[in-house]
Amino acid sequence: MDKSTTTHSSSQAYWQQPLEAGVLGCRLQTKARKHLQAQQWGLAVKDYATALEVADTMLMDPATQKFAIERYLRAALELIYAMRKYKPETDVSQLIDTIKQRLQPLLAPMPAEAVIAPLIDVAFSPIRDVDDWVCLLLSYENSGQSMPH
């Protein structure tokens, strides 16, 4: 058996393990948040994009779907923020449309627009307001408190 076949089958087995995928997603988001704090926007974008892919794979498993939707939305929100900081001229509309299309079947009959509203706020609000909100969000998370709604 050649190496590429072995690698491919072992990676497929990995993605079929929701617990391991969840752990990987958590590690990637933690690493990306450290890059955010260090203002290493490009590295944060890379790690958030990978965390979003991990959450996307978890959406396929009914056992992890609810958790995965939350993880997917959070990774997307932070990815959009990191992208705005890394390259302010980037249009994230297509990313938001992709996220909406991906989640709509999982959220029906609830409209995806209601769930992705925070992503739109992060994408299109003045960056100073978004900076303050994300800073508050991350500080609440670091303190173990939930964010007030």
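Refer to the structure presented above.
Residues numbered from 1 in each chain as written. Predicted model: local features only at pLDDT ≥ 70, side-chain atom pairs only at ≥ 80, totals over all residues. Heavy atoms only, no water.

What follows concerns the packing of aromatic side chains. Under the definition given, this model contains one aromatic pair. For the ring pair W41 and Y81, a centre distance of 6.4 Å and an interplane angle of 90° mean the geometry is edge-to-face. Of this pair, W41 sits in helix α3 (residues 41-58) while Y81 sits in helix α4 (residues 65-86), and the two are 40 residues apart along the sequence. By relative accessible area, which is 18% here, W41 ends up buried. Here Y81 falls in the buried class, since its relative accessible area comes to 7%. (Phe/Tyr/Trp six-rings, centres within 6.5 Å; stacked < 30°, edge-to-face > 60°. Helix = DSSP H or I, 4+ residues; strand = E, 2+ residues; numbered from the N terminus. Buried < 20%, exposed > 50% of the residue type's maximum accessible area, 1.4 Å probe, protein only.)

To continue, consider unusual backbone geometry. With omega at 10°, the peptide bond leading from A108 into P109 counts as cis. Counting through the fold element by element, P109 comes out in the loop between α5 (93-107) and α6 (112-124). Backbone geometry places Q39, a non-glycine residue, at a positive phi of 60°. Here Q39 lies in the loop between α2 (18-37) and α3.

Before going further, it helps to examine the nonpolar core. One finds L36, L103 and L119 to be the most contacted residues of the largest nonpolar core, which totals 41 residues. At twelve residues, α4 tops the list of elements feeding residues into this core. Those residues in contact with L119 that sit more than four places away from it in its chain are L73, A76, L77, I80, I96 and I99. (Core = buried A, V, L, I, M, F, W, Y, C linked by side-chain atoms within 4.5 Å. Contact = heavy atoms within 4.5 Å.)

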